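What the coordinates show
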Amino acid sequence: MKDKALLFINGEPPASIPNPEHYGLIACTDGAFHYLKQLSFPLDRIDFISGDFDSHSGSDEDVYEDKFILTLDQDKTDFHKALEIIMEKGFQSIDVLGASGGEQDHFLGNLTVAYTFKDQLNIKFYDEFSEYYFVPKNFTLKNVKNKMISLYPFPSVENITTKGLNWPLTKGNLSITSRIGTRNFAIEDEVSIEYESGDLLFFVGINEIEYPAIY
């Protein structure tokens, strides 16, 4: 995993933090830097902190000021700008924590940013409920039996076929204006997805469920 980057952004602070030693680069936005201090994250392991630093204050910020990268472009979010920096540093796989929670327009904005980079970067989001990411047109995931699986078209997916789910699809279509595929669950250890066109956001729950979670 040393070829993978870890990025913290300013949403809900993560319930748990992965081992920093598994990553070749660790970064955060300036807002996330504050909750990392509170979580006693080893701040010396952070390679850079990006943002406009309108909340800059305190001795810790002064100590690590050499790691600051000032990004003032108001046409891009802090998440977008951090991804650009990480990509410039040669990393293509990025685990992102702190994308959800808080104000939901930020969460939707983060998904849109990930969509913008989906052909350039392998971005995976993690929160206390699930991990989620855009998947290619042929995709297989193992070790998921009894876990919640949600398929979210972004904004549409055509001719999608799934295997290993309680409610399978066969050459179906999904669209945010008509039919989405949320709150399904895996009945087999391996789930496979194949679709012809569009873009699909895939969610897998962190924990196993004991019964269908139908909403």
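Overview of the structure. Because the structure is predicted, anything quoted here is derived from the model rather than measured.

Considering the environment of Ser-150
With respect to the helices and strands, the residue Ser-150 is situated in strand 9 (residues 147–163). Of the residues examined, Ser-150 reaches a relative accessible area of 5% and is grouped as buried. Along the backbone, Ser-150 and Phe-202 are 52 residues apart, and their C-alpha atoms lie at a distance of 6.0 Å. Not counting the four nearest positions on each side in its chain, Ser-150 is found in contact with Gly-181, Thr-182, Arg-183, Leu-201, Phe-202 and Phe-203.

Overview of unusual backbone geometry
Here the amide bond leading from Phe-154 into Pro-155 is cis, since omega sits at 0 degrees, within 30 degrees of zero. You can see Pro-155 is positioned in strand 9. Despite not being glycine, Arg-183 shows a phi value in the positive range, around 60 degrees. Mapped onto the fold, Arg-183 is located in strand 11 (residues 181–185). Its relative accessible area of 26% is what places Arg-183 among the partly exposed residues.

Topic: the pattern of salt bridges
Across all of its chains, the model carries six salt bridges by this definition. Across the pair Asp-78 and Lys-81 runs a salt bridge whose closest N-O atoms are separated by 3.6 Å. Linking Asp-78 with Lys-81, this pair stays in helix 3 (residues 78–88), spanning three residues, or about one helical turn. Lys-118 is the salt-bridge partner of Asp-119, the closest N and O atoms lying 3.3 Å from each other. The exposure class of Lys-118 is partly exposed, given its relative accessible area of 26%. One salt-bridge network, in which partners are shared between bridges, spans Lys-118, Asp-119 and Asp-199.

Let's talk about helix 4 (residues 104–116)
Over its 13 residues, helix 4 extends 19 Å from the first C-alpha to the last, a length consistent with the 18 Å expected when each residue adds 1.5 Å. Contact partners of the buried residues in helix 4: helix 3, strand 6 (122–126), strand 7 (130–135), strand 9 and strand 13 (197–208).

Observations concerning the packing of aromatic side chains
Scanning all chains against the criterion turns up 12 aromatic pairs. Residues Phe-125 and Tyr-132 carry aromatic rings whose centres are separated by 5.1 Å and whose planes lie at 20 degrees to one another, so their mutual orientation is stacked. Across this residue pair, the class does not change: Phe-125 and Tyr-132 are buried. Their ring planes at 85 degrees and their centres at 5.2 Å tell us that Phe-134 and Phe-154 sit as a pair that is edge-to-face. Note that Phe-134 is positioned in strand 7 and Phe-154 in strand 9, a separation of 20 residues in sequence. Summarising the burial analysis for this pair, Phe-134 and Phe-154 share the class buried. A network of ring pairs unites the aromatic residues Phe-79, Phe-107, Phe-125, Tyr-132 and Phe-203 as a single cluster.

Reading the values: rules and limits
Residues numbered from 1 in each chain as written. Predicted model: local features only at pLDDT ≥ 70, side-chain atom pairs only at ≥ 80, totals over all residues. Heavy atoms only, no water. Helix = DSSP H or I, 4+ residues; strand = E, 2+ residues; numbered from the N terminus. Buried < 20%, exposed > 50% of the residue type's maximum accessible area, 1.4 Å probe, protein only. Contact = heavy atoms within 4.5 Å. Salt bridge = Lys/Arg side-chain N within 4 Å of Asp/Glu carboxyl O. Expected span 1.5 Å × (residues − 1). Phe/Tyr/Trp six-rings, centres within 6.5 Å; stacked < 30°, edge-to-face > 60°.

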